[in-house]
Amino acid sequence: MAVHILLLLLAVSVATADEDAFIGANIGTELSDMPHPTQVVALLKAQQIRHVRLYDADRGMLVALANTGIKVAVSVPNEQLLGIGQSNSTAANWVSRNIVAHYPATNITTICVGSEVLTTLPNAAPVLVNALKFIHSALVASNLDHQIKVSTPLSSSLILDSFPPSQAFFNRSWNPVLVPMLNFLQSTGSSLMLNIYPYYDYMQSNGVIPLDYALFKPLPPNKEAVDSNTLVHYSNVFDAMVDAAYFAMAFLNFTNIPVMVTESGWPSKGDSNEPDATLENANTYNSNLIRHVLNQTGTPKHPGIGVSTYIYELYNEDNKPGPLSEKNWGLFDANGDPVYILHLTGSGSVLANDTTNQTYCTARDGADPKMLQAALDWACGPGKVDCSGLLQGQPCYEPDNVIAHATYAFDTYYHQMRKDPAACNFNGVAVITTSDPSHGSCIFPGSLGKNGTMANITAPSLNSTISDSSAYKIYGSSSLRSILTVPQFSHFPNTSVTLFNFNFDFR
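Note that the coordinates shown come from a computational prediction; the quantities given were computed from them, not determined experimentally.

S.K.: I would appreciate a short explanation of helix H7 (residues 175–188) in the present structure.
M.R.: One full turn of an α-helix is made of 3.6 residues, so residues set three or four places apart face in the same direction. Taking 1.5 Å as the rise per residue, H7 with 14 residues should run 20 Å; its terminal C-alpha atoms sit 19 Å apart, in good agreement. Residues of H7 that are buried: Asn175, Val177, Leu178, Met181, Leu182, Phe184, Leu185 and Thr188. At the C-terminal side of H7, Gly189 shows a positive phi close to 70°.

Here is the structure:
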């Protein structure tokens, strides 16, 4: 799954076109090195992620999210569902401890009661509706029922015969739970929460579903799926599943409950039997999904009414059991580095600046200073970066340390190479970021700077070489400035060099 990236716009309702749909991010915690809540919130702010969903009601996260304005969906974990569904007082205590204690400083807007309960914890199904009602009653008692909505995320697998959407219906064996649940959602103005994974639909279709159809890629009309009953064309799996949910609710005589997608994404890596779990496909799906939602495209059944969606997920969760793909749905790794750079031109501020236009290359936190120095010397020498701005008295001399100077050189080289991701590696000591490293009068390439105009960098010829006798002045931190004579190096992305006894393979 996954970016660079996930986001507040407006409220949860998608039932009316005058309220904008939003993109949010799920925050799982099955990481071997889970960032501290303050680090998580710093990433959310940097990426302008204004809606998040937690899988619990962790106090540390709720405290860290206080006074940020970020809209928060908290969850009753499945393991607590039986107790809450059997006891009104237990539900009231849960709301008091996890909601009332933090609201309104923490902008809690939604409570997700369990997750995919009917398919993953069927023994709790008989108490699910009671749990919803008890939590809602506790909110009523605290005068919070208008501010905070209550629902439960369902698996899309509950919808049978999902194509054509007009024929879709819920698994009838669950109607004794679904009908009172939908009555509750309708009476409280809440959304039907649905987890939609076109990746799994594609994988399980045995070739029936084309990859492009799952990824939101443009299709010619003759390649689109057509609902034989309505003659409506569907250009992607996501819209077809959302409309299938609307038709399935209509089959049970519920026609005014909006759909909210609580999980959707695409894995960026998989086992050998998961060949389509790739960085490219994850980037394509999530970038297209974000644009689709924020453009208020809607679905063929409800055009112009966007479907609020939480991307699964913020971080790669390396402790997740199961196949390799289960560990690789995140937009970021545990360090907050993007797994890939989302292609979001035209999507406004979502997932930090337009990441295709405003990205930078900086020294990686914790990188070995000697490795940084060697890479810095390469950039200012064979890499043909103009490092004169790092000389004493120049705008980027301060702070005079290898991290700051390496960041300047790395970013300049990255922009010389037209922001080719391969140009921001430097043997693992550099990382792409959307945070502008400019400071004071030191304006980095690609920065809008103080006057709102971008600093320009001229890229060297792609076939340029360095002659045997060329000498280049190396501008590093004050501890290591020298003249380095470099024998015949080809251009950086395909260069292997040894500097100061550190071998760098710059590919």
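Structure's up, so let's keep going.
S.K.: Honestly, helix H4 (residues 88–100) in this entry has me stumped. Any pointers?
M.R.: For H4, the complete set of buried residues consists of Ala91, Trp94, Val95, Asn98 and Ile99. All buried residues of H4 lie within an arc of 100° about the axis, which places them on one face of the element. Summarising the contacts, the buried residues of H4 are in contact with helix H2 (59–64), strand E3 (71–76), helix H3 (81–86), strand E4 (107–113) and helix H6 (125–141).

S.K.: Before we go on, may I ask you to explain the sheet that holds strand E2 (residues 51–54) in this structure?
M.R.: Sheet strands associate in pairs through backbone hydrogen bonding, adopting either a parallel or an antiparallel arrangement. The nine strands are arranged E5-E4-E3-E2-E1-E13-E12-E9-E6 in an open sheet whose pairing can be described as parallel. Both edges of this open sheet fall to strand E5 (149–151) and strand E6 (153–155), since each of them pairs with a single strand only. Here the average twist between neighbouring strands, direction ignored, is 25°. Inspection of the sheet shows strand E9 (residues 192–195) paired to strand E12 (residues 259–264) by four bridges, in the parallel sense. Each residue of the ladder has a partner; that of Leu192, found in E12, is Val259. Contacts from helix H11 (residues 279–294) reach strand E1 (23–27), E12 and strand E13 (309–311) within the one sheet, and its direction differs from that of E13 by about 160°.

S.K.: In this structure, what is going on with the packing of H4 against H6? I would like to understand it.
M.R.: The angle between the axes and the distance between the axes are what describe a pair of packed helices. Packing of H4 against H6 leaves a shortest axis separation of 8 Å and a crossing angle of 55°. Between H4 and H6, the interaxial angle falls into the category oblique. When you trace H4 past H6, the crossing you get is right-handed. Contacts between H4 and H6 involve Asn88, Ala91, Ala92, Trp94, Val95 and Ile99 from the former and Phe134, Ile135, Ala138 and Leu139 from the latter.

S.K.: Can you help me understand the pattern of salt bridges in this one?
M.R.: Scanning the entire structure with this criterion turns up four salt bridges. One salt bridge connects Lys320 with Glu30, and the closest N-O pair in it is separated by 3.9 Å. Remark: Glu30 occurs in the loop between E1 and helix H1 (37–46) and Lys320 occurs in the loop between E13 and strand E14 (360–363); sequence separation between them is 290 residues. Exposure remark for Lys320: the relative accessible area of 16% places this residue in the buried category. Under the relative-accessibility criterion, Glu30 is labelled partly exposed at 34%. Across the pair Glu263 and Arg53 runs a salt bridge, and its minimum N-O distance is 3.1 Å.

So, how was this worked out
Residues numbered from 1 in each chain as written. Predicted model: local features only at pLDDT ≥ 70, side-chain atom pairs only at ≥ 80, totals over all residues. Heavy atoms only, no water. Helix = DSSP H or I, 4+ residues; strand = E, 2+ residues; numbered from the N terminus. Expected span 1.5 Å × (residues − 1). Buried < 20%, exposed > 50% of the residue type's maximum accessible area, 1.4 Å probe, protein only. Arc of directions from axis to C-beta. Contact = heavy atoms within 4.5 Å. Pairing = 2+ DSSP bridges. Axes fitted to C-alpha atoms, helices over the stretch in contact; angles between N-to-C directions. Parallel < 35°, antiparallel > 145°, perpendicular 65-115°, else oblique. Left-handed = near helix turned anticlockwise from the far one by under 90°. Salt bridge = Lys/Arg side-chain N within 4 Å of Asp/Glu carboxyl O.

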